Structures are given as C-alpha cells and as structure tokens.
Amino acid sequence: MKRACRSRAWSLIMGWADVLCLLGHDEECVVAAKERAVNLVDFHFSKIKRLTISPSLLAAAALYIACFENNVKVTQRLMGLLAGRSEKGVRDNYKKLREELGLLDDFGWIFL
C-alpha cells in the first residue's frame, strides 16, 4: 500500500511540475523543485508507519515546499487547484510535512 501511494505521489509531482513549466516558471528551478519534492515524499514515507495523508495532498505539500525553497513563486491555492483539493488541505499537510522535517521553532514558526 505504501509503495503504491509513493509512486502515485511521484507521478503527480512529475505532472504538476510540467504544468508549472507551461505556466512560465523557470524550467531549471522547477526541475530542482521537482527533485526536492520527490526527496520530501521519500522522507515522509520512511518516517511513517501507516498512511495518514492522501497521496495528492502529500504531493501538493511537498511540491509547494520545494518550490518555495527554489524561488518558484506558487501559491497554496494553485497547489490546491492542481491537486483538486482545498487550499486548507494543502496548508494543513504543508504544516505536517514541515513538522516532520524539523523546521519549526519552539513557538511554532516555520523556518525555511
């Protein structure tokens, strides 16, 4: 089950990265973001015991983080539209993934 969800998240990231290139974002930055997002998905699946996030929301959150780190300007709303999910779902899973990465301080602020 985890393997199928991981491959589903990978395929979603690949497709959405192509859409970001078509929308006019710098291809080199999008490719770097795509590779980082795949690494984030792998990290998530290595840490969990059972699936708690849908593959589409996980892929959207991972790609949002990776785009932010690589200076590709996307919004949570755009990621939600690509995933076919709500902006709030992307935001909540974005926070969960950032917590797993250990990038929160004592007050809950997210460091990038």
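Residues numbered from 1 in each chain as written. Predicted model: local features only at pLDDT ≥ 70, side-chain atom pairs only at ≥ 80, totals over all residues. Heavy atoms only, no water.

Engineer: Provide a residue-level description of the packing of helix α3 (residues 55–69) against helix α5 (residues 87–101), including the pertinent values.
Structural biologist: Taken N-terminus to C-terminus, the directions of α3 and α5 make an angle of 70 degrees; their axes are 8 Å apart at the nearest point. Taken together, the axes of α3 and α5 lie roughly perpendicular to each other. Regarding α3 and α5, the two cross each other, and that crossing is right-handed. Residues Leu57, Leu58, Ala60, Ala61, Ala62, Tyr64, Ile65 and Glu69 of α3 touch α5, and the partners they reach there are Gly89, Val90, Asn93, Tyr94, Leu97 and Arg98. (Axes fitted to C-alpha atoms, helices over the stretch in contact; angles between N-to-C directions. Helix = DSSP H or I, 4+ residues; strand = E, 2+ residues; numbered from the N terminus. Parallel < 35°, antiparallel > 145°, perpendicular 65-115°, else oblique. Left-handed = near helix turned anticlockwise from the far one by under 90°. Contact = heavy atoms within 4.5 Å.)

Engineer: How would you summarise a negative patch on the surface if you had to cite specific residues and measurements?
Structural biologist: On the surface, a cluster of negative charge is contributed by Asp18, Asp26, Glu27 and Glu28. Inspection of the secondary structure assignment puts Glu27 in helix α2 (residues 27–47). The class for Glu27 is exposed, based on a relative accessible area of 55%. (Patch = residues over 30% accessible without salt bridge, like charges linked within 9 Å, V, L, I, M, F, W, Y side chains within 5 Å. Areas by Shrake-Rupley, 256 points an atom, 1.4 Å probe, with all protein chains shown as cover. Salt bridge = Lys/Arg side-chain N within 4 Å of Asp/Glu carboxyl O. Lys, Arg positive; Asp, Glu negative; His and termini not counted. Charge placed at Lys NZ, Arg CZ, Asp CG, Glu CD. Buried < 20%, exposed > 50% of the residue type's maximum accessible area, 1.4 Å probe, protein only.)

Engineer: Explain helix α4 (residues 76–83) residue by residue, including any values.
Structural biologist: Of the positions making up α4, those classed as buried are Gln76, Met79, Gly80 and Ala83. Viewed along the axis of α4, the buried residues span an arc of 100 degrees, placing them on a single side of the element. Opposite the packed face of α4, turned more than 90 degrees from it, sit the exposed residues Arg77 and Leu81. Summarising the contacts, the buried residues of α4 are in contact with α1 (2–22), α3 and α5. (Arc of directions from axis to C-beta.)

Engineer: Tell me about the state of the cysteines, residues and numbers included.
Structural biologist: As used here, a disulfide is simply a covalent bond connecting the sulfur atoms of two cysteines. Throughout the structure, instances matching the rule amount to zero disulfides. With no disulfide partner, Cys29 has as its closest neighbouring cysteine sulfur the one in Cys67, 9.4 Å distant. (Disulfide = S-S within 2.5 Å.)

Engineer: I'd like a description of the packing of α4 against α5, backed by residues and values.
Structural biologist: Two elements in contact, α4 and α5, have axes separated by 8 Å at closest approach and are oriented at 110 degrees. One element, α4, and the other, α5, form an angle in the roughly perpendicular class. From α4, Gln76, Arg77, Met79 and Gly80 reach across to α5, where they touch Glu87, Val90, Arg91 and Tyr94. Split into classes, the residues belonging to the contact of α4 with α5 amount to three nonpolar, two polar and three charged. (Nonpolar A, V, L, I, M, F, W, Y, C, P; charged D, E, K, R; others polar.)

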